[in-house]
Amino acid sequence: MADAEISVRLRPRGHRDELEGFVGGVLRVRVTAPPVDGKANRALCKLIAKRAGIAPSRVSVLSGAKSRDKRVRVEGIDAATLAAALRE
């Protein structure tokens with residue numbers, strides 16, 4: 001099965017962890033974790049993995065580790081399946 005990549009706009013220090021939905025092909029995500037020592041990135045990967053029903057170790061930030069705009073890879077799931085899971 002192919003890997004999927006998505007663009008993400010991350011807002012750290014939110015009131016709760018949530019996927020806000022896709023806007024212009026970019027997934028907007030809010031996490032409570034601060035953007036310190038990769039905590040917000042780990043929270044993002046964990047949230048996407050939980051929604052997709054896969055292990056958090058299969059989700060990684062490809063680019064934008066220190067930016068709000070990120071490129072995320074999800075291993076072992078195709079793009080259409082991932083998009084459907086994230087829209088639920």
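Provided above is the structure to which this section pertains.
Let us look at the structure shown here. Please read all numbers here as calculations on a predicted model, not as lab measurements.

Cut-off values and rules
Residue positions are counted from 1 within each chain, in the order its sequence is given. Residues qualify for local features only when their pLDDT is at least 70, as the model is predicted, and side-chain atom pairs are given and counted only at 80 or more; totals for whole chains, interfaces and linings, by contrast, use all residues. Based on all heavy atoms of the structure, the side-chain values leave hydrogens and waters out of the count. Each pair of strands is called paired provided DSSP finds at least two bridges between the two strands. Helix and strand labels come from DSSP, where a helix needs a run of H or I of at least four residues and a strand needs a run of E of at least two; each type is numbered from the N terminus. The angle between two axes is taken between their N-to-C directions and runs from 0 to 180 degrees, where each axis is a line fitted to C-alpha atoms and a helix contributes only its stretch in contact. For each residue, the accessible area found with a 1.4 Å probe, counting protein chains only, is set against the maximum for its type, and the residue is called buried under 20%, exposed over 50%, and partly exposed in between. Note on definitions: a residue-residue contact is assigned when non-hydrogen atoms from the two residues lie within 4.5 Å.

A look at the sheet that holds strand β5 (residues 69-74)
Sheet strands associate in pairs through backbone hydrogen bonding, adopting either a parallel or an antiparallel arrangement.
1) Next: Ordered in space as β2-β3-β1-β5-β4, the 5 strands form an open sheet in which the pairing is mixed. The sheet is open, and its two edges are formed by β2 (18-23) and β4 (59-63), each paired on a single side. Within the sheet, the average angular offset between the axes of one strand and its neighbour, ignoring direction, is 35 degrees.
2) Next: Pairing of strand β1 (residues 4-11) with strand β3 (residues 26-30) involves 5 bridges; the strand directions are parallel. Bridged to R11 within β3 is R30.

Quick notes on the environment of R73
1) Next: Looking at the secondary structure, you find R73 in strand β5.
2) Next: Residue classification places R73 among the partly exposed residues on the basis of a relative accessible area of 28%.
3) Next: The sequence separation of R73 and E5 amounts to 68 residues, and the corresponding C-alpha distance is 4.4 Å.
4) Next: Filtering out sequence-adjacent residues up to four positions away, R73 remains in contact with D3, A4, E5, R58, V59, S60 and L62.

Fair warning: the whole summary comes from geometry, so function is off the table for now.
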